[in-house]
Amino acid sequence: MTQRGRATRPTGPSGRPRRSAGPRAGDRSGAPRGDLAARRARLREVIEPVVTAAGYDLEDLSVSRAGRRHVVRVIVDADGGINLDGVADVSRAVSAALDAAEEAGGDIVAGEYQLEVSSPGVDRPLTLPRHWRRNVGRLVKVTVRGAAGLPEQRTAGDRQLTGRVVEADDERVVLETDAGRVAHPYAELGPGRVQVEFSRLDEIDEADEFGDDTDEIDDDDDVEDEER
C-alpha cells in the first residue's frame, strides 16, 4: 500500500521550493548536506515514534535521490497486517510530524521531497521474530547454518531448508518439513524467504498491490544514491 505526498505546507503544484541563496541549515546530527545516512537517522528520530504510537512497527526507512528531489520511503507493518486506511492514517501522521520537526529545527530533507508509506511486500526477508510470527502458515525457504556460534558464521555445512511455519516465538521457529517438524533458534537461521504457492496467488497478488506497487516519480532522472 502506498500513500504519496509531501510533508510540507502547501506551496503550489511543485511542492516545497529549493532555496536559491544563502547557506542551508544543517540537520541536528551536524552531518554534511549530502549525507543521506545522516538524514535517514534524523528522519527515523521523527518518524519511528509516530509509527509506534499508531500501533505499528517501522520495518524500513530509506532516503534516495530522484532528480531534483528526495524520496522518503517508509515501510510499516503490524500483527494482522495494515490496510489501506491504516497506511493513509500513518502517512498523514508522519507528514504532520515532519512539518512540526522542520518548523522547530530546520530542513530535515534538503529541497523538495516525496513521502511514500507502504506495507511490506511478500518478497521482504524474514529477519526478526515478529516477521516469522506474522508468516505462520506460509511456506518459507531458509538457510540453516552448519556451525553453532555467531549468526554471521557460514560454513560448508550450511543447508537450505524449506518448510511451513507452524510456530514462532521470541526464541525459535518451528517448521513443518517433508521430514517432519523441526525447531531452530533464530541464531541458526539466515533470512527466511516466503515461497510463492499457486494456491495463494490471489492473496499474494493482493499483498503486492498494497505493498510493492508504487507510483512512478514525475521525473526523468533515475533514482540514485539510495541509502538504507
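Because the structure is a prediction, the values reported are computed rather than measured.

Asker: For the nonpolar core, give the residues involved together with the corresponding values.
Answerer: Ranked by internal contacts, the top residues of the largest apolar core, which has 26 residues, are Leu 43, Ile 47, Val 72, Val 74 and Val 76. Sorting the residues of this core by element identifies α1 (36-53), β2 (57-66), β3 (69-77), α2 (84-105) and β4 (113-118) as the ones contributing at least two each. Once residues lying within four places of it in the same chain are set aside, the contact partners of Leu 43 are Leu 61, Val 63, Val 72, Leu 98, Ile 108 and Val 109. Residues Val 140, Val 142, Val 144 and Ala 168 belong to the second largest nonpolar core, which totals 13 residues.

Asker: Tell me about the pairing of strand β6 (residues 159-168), and name the residues and values.
Answerer: For strand β5 (residues 139-144) and β6, the ladder comprises six bridges, and the chain directions are antiparallel. Considered in β6, the bridge of Thr 143 is made with Gln 160. Between the antiparallel neighbours β6 and strand β7 (residues 172-177) lie three residues.

Asker: I'd like a description of the sheet that holds strand β9 (residues 193-194), backed by residues and values.
Answerer: The strand order β8-β7-β6-β5-β9 describes an open sheet built from five strands, whose pairing is antiparallel. Of all the strands in the sheet, just β8 (180-185) and β9 have a single pairing partner and so form its edges. Bridge count between β6 and β7: four bridges; the pairing is antiparallel. Paired with Ala 168 across the strands is Val 173, a residue of β7.

Asker: Before we move on, can you summarise the confidence of the model for the chain with the specific residues and values?
Answerer: Low pLDDT means the predicted atomic positions in that stretch should not be read closely. Considering every residue of the chain, the mean pLDDT works out to 75; 68% of them sit at 70 or more. Across residues 1-34, where pLDDT falls below 50, the model places 84 contacts with residues more than four positions away in sequence or in other chains. Contacts from residues 210-228, a stretch scored under 50 in pLDDT, to residues over four places away or in other chains number 57 contacts.

Asker: A description of the pattern of salt bridges should follow, citing residues and the corresponding values.
Answerer: Considering all chains together, one arrives at 14 salt bridges under this definition. Of the charged contacts in the structure, one is a salt bridge between Arg 130 and Glu 59, with a shortest N-O distance of 2.9 Å. Of this pair, Arg 130 sits in helix α3 (residues 129-133) while Glu 59 sits in strand β2, and the two are 71 residues apart along the sequence. For Glu 59, a relative accessible area of 15% corresponds to the buried category. Note that Asp 89 is salt-bridged to Arg 92, the shortest N-O span being 2.5 Å. Taken together, the residues Asp 89 and Arg 92, both in helix α2 and three residues apart, mark about one turn of the helix. Several salt bridges converge on common partners, so that one network encompasses Asp 57, Glu 59, Asp 77, Asp 79, Arg 130, Arg 133 and Arg 134.

Asker: Could you give me a rundown of the environment of Val 63, with the residues and numbers involved?
Answerer: Here Val 63 lies in strand β2. Val 63 sits 46 residues away from Val 109 along the chain, and the two C-alpha atoms are 8.9 Å apart.

How each quantity is defined
- Residues numbered from 1 in each chain as written.
- Predicted model: local features only at pLDDT ≥ 70, side-chain atom pairs only at ≥ 80, totals over all residues.
- Heavy atoms only, no water.
- Core = buried A, V, L, I, M, F, W, Y, C linked by side-chain atoms within 4.5 Å.
- Buried < 20%, exposed > 50% of the residue type's maximum accessible area, 1.4 Å probe, protein only.
- Helix = DSSP H or I, 4+ residues; strand = E, 2+ residues; numbered from the N terminus.
- Contact = heavy atoms within 4.5 Å.
- Pairing = 2+ DSSP bridges.
- pLDDT = per-residue confidence, 0-100.
- Salt bridge = Lys/Arg side-chain N within 4 Å of Asp/Glu carboxyl O.

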